[in-house]
Amino acid sequence: MVESKIGVIFTALPFANQQGREALDAVLAASAYEAPLSLFFLDDSVWQLVKAQDPLQAGAKDYLSTFKALALYDVEDIFVSQDALAARHLSSEDLSIEVRVLSSQGIRDQLAAQDCIYRF
Amino acid sequence: MSTLHIICSRQAYLRAQGLMDASDAVLFHGDGCYQALEVLPSLPCYWVGSDAKARALASRCPQKVTAVEWPKVVSMTLVFDNTVTW
C-alpha cells in the first residue's frame, strides 16, 4: 500500500488525442497500489465527463464509460473546476458521475495537499 | 468568390476568423464542434451532426448552426468556389 497522495489532472478534450484514456489508465494502475487518489478535471477536460457521449460515432474507443466504474476502484475524490464548467455552460447535472465542484481556490488547496501530481 | 471554411479545432477557428468574407460559410467538424457553442461569425454555420452527437452536443446546438452529414458536406465542397480546411 502506498501512502503518498497522488493527484491526476485531466486537461484534454475527450477525442482529440489519447491523453484522457492515458490519464484514466494511470488512475487505474495507481489504484492497484491502494494509493490515495484525487482526480482533477480542469479546462476542456470537463467534456470528458459529460453524459450521453457516443465515442463510436467519432470512431473512437469508449473509455469514457470507465469513469462510471471509478467508485469500484475506491476512487471517490473527483474534483471539477467550477470555472471550467461555467465557461462551457455546463453544470454538475450534465456530468455522468458524481463529482465535487470546486472554485479555483478549492482546486489550489486540493492540489497543495497532493504529494505527487500527474498531468495529462 | 465564396469559401467554405472547415474548422476542426478552436485554434483552427481563431486562425480562420480574420479571413472570413461575407459570402463565406463555416463548417465545424470533430473537436471544432465545441467552438460552435461559442461566439460565431455572422455567416451560415454548419456542423457535422454525427461529430456533435458523439460529443453529446447535439442537444446544445445553437440556433444558427445547421446539422449536416458527410454526403451534404461533400456537396457543399462542390458548391463553394473554394474550400479551406484549417
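Residues numbered from 1 in each chain as written. Chains lettered and ligands numbered in written order. Predicted model: local features only at pLDDT ≥ 70, side-chain atom pairs only at ≥ 80, totals over all residues. Heavy atoms only, no water.

**Student:** Looking at this structure, I do not really get the overall build of chain B. What am I missing?
**Tutor:** A count of helices and strands for chain B gives four helices and five strands. At 12 Å, chain B has a C-alpha radius of gyration in line with the 12 Å of a compact globule built from 86 residues. Scored against the burial criterion, the 86 residues of chain B give a buried share of 50%. Nonlocal contacts in chain B, meaning residues at least 24 apart in sequence, comprise 34% of its contacts between residues at least 6 apart. Carbon together with sulfur atoms contributes 58% to the accessible area of chain B, which is approximately 4200 Å² in total. For chain B, the distance from the average site of its 7 positive side-chain charges to the average site of its 7 negative ones is 8 Å. (Helix = DSSP H or I, 4+ residues; strand = E, 2+ residues; numbered from the N terminus. Rg over C-alpha atoms; globule rule 2.2 N^0.38 Å. Buried < 20%, exposed > 50% of the residue type's maximum accessible area, 1.4 Å probe, protein only. Contact = heavy atoms within 4.5 Å. Areas by Shrake-Rupley, 256 points an atom, 1.4 Å probe, with all protein chains shown as cover. Lys, Arg positive; Asp, Glu negative; His and termini not counted. Charge placed at Lys NZ, Arg CZ, Asp CG, Glu CD.)

**Student:** Teacher, can you tell me more about the sheet that holds strand 5 (residues 82-85) of chain B here?
**Tutor:** Residues and elements named next belong to chain B. Within the open sheet, the five strands sit side by side as 4-3-2-1-5. Their pairing is parallel. In this open sheet, the two strands that pair with only one neighbour each are strand 4 (65-68) and strand 5. On average, each strand axis in the sheet is inclined to that of its neighbour by 25 degrees, with strand direction left out of account. Two elements, strand 1 (residues 3-7) and strand 2 (residues 25-28), share four bridges in a ladder whose sense is parallel. (Pairing = 2+ DSSP bridges. Axes fitted to C-alpha atoms, helices over the stretch in contact; angles between N-to-C directions.)

**Student:** Please explain a negative patch on the surface as it appears in this structure.
**Tutor:** On the surface, A:Glu34, A:Asp74, A:Glu76 and A:Asp77 cluster together into a patch of negative charge. Along the chain, A:Asp74 turns up in the loop between strand 2 (37-41) and strand 3 (77-81). (Patch = residues over 30% accessible without salt bridge, like charges linked within 9 Å, V, L, I, M, F, W, Y side chains within 5 Å. Salt bridge = Lys/Arg side-chain N within 4 Å of Asp/Glu carboxyl O.)

**Student:** Quick question: what am I supposed to make of empty space enclosed by the protein here?
**Tutor:** Rolling a probe over the atoms, with the probe sized like a water molecule, indicates the empty space that remains. Under the criterion given, the structure shown has one cavity of 30 Å³ or more. Volume-wise, the largest cavity comes out at about 60 Å³. (1 Å grid on protein atoms, 1.4 Å probe; cavity = no way out; pocket = protein on both sides within 12 Å on 5 of 7 lines; lining within 4 Å. Points joined across faces, edges and corners; volume = space filled by probe spheres on them.)

**Student:** Would you take a moment to explain the interface of chain B and chain A for this structure?
**Tutor:** Reports of interface size often rely on the accessible area that becomes lost once the parts have come together. Contact residues are listed per partner, giving 11 residues for chain B and 16 residues for chain A. For the pair chain B and chain A, the number of links is two salt bridges. Measuring nitrogen to oxygen at the nearest pair gives 4.0 Å for the salt bridge that ties B:Arg60 to A:Asp94. Linking chain B to chain A there are two residue pairs in polar contact (both at pLDDT 80 or more). It is helix 3 (residues 49-54) of chain B that contributes the most residues to the side of chain B that touches chain A, three residues altogether. (Polar contact = N/O pair within 3.5 Å; in protein donor to acceptor, adjacent residues only side chain to side chain.)

**Student:** Please clarify how the state of the cysteines should be interpreted in this entry.
**Tutor:** Joining two cysteines, a disulfide is a covalent bond between their sulfur atoms. Residues and elements named next belong to chain B. Considering all chains together, one arrives at zero disulfides over all chains under this definition. Cysteine 61 provides the cysteine sulfur closest to cysteine 45, a residue in no disulfide bond, and the two sulfurs are 10 Å apart. Between cysteine 61, a free cysteine, and cysteine 33, which holds the nearest cysteine sulfur, the sulfur-to-sulfur gap is 9.2 Å. A relative accessible area of 29% places cysteine 61 in the partly exposed class. (Disulfide = S-S within 2.5 Å.)

**Student:** Can you help me understand the packing of aromatic side chains in this one?
**Tutor:** How two aromatic rings sit relative to each other is given by the distance of their centres and the angle of their planes. Taken as a whole and judged by the stated rule, the model has seven aromatic pairs over all chains. Taken together, a centroid distance of 4.8 Å and an interplanar angle of 45 degrees make the contact between A:Trp47 and B:Tyr34 tilted. Pair noted here: A:Trp47 is in the loop between strand 2 and strand 3 and B:Tyr34 is in helix 2 (residues 32-35), and the two residues belong to different chains. Judged on exposure class, the residue A:Trp47 and its partner B:Tyr34 are both buried. Chaining the aromatic ring pairs together yields one cluster made of A:Phe10, A:Phe41, A:Tyr63 and A:Phe67. (Phe/Tyr/Trp six-rings, centres within 6.5 Å; stacked < 30°, edge-to-face > 60°.)

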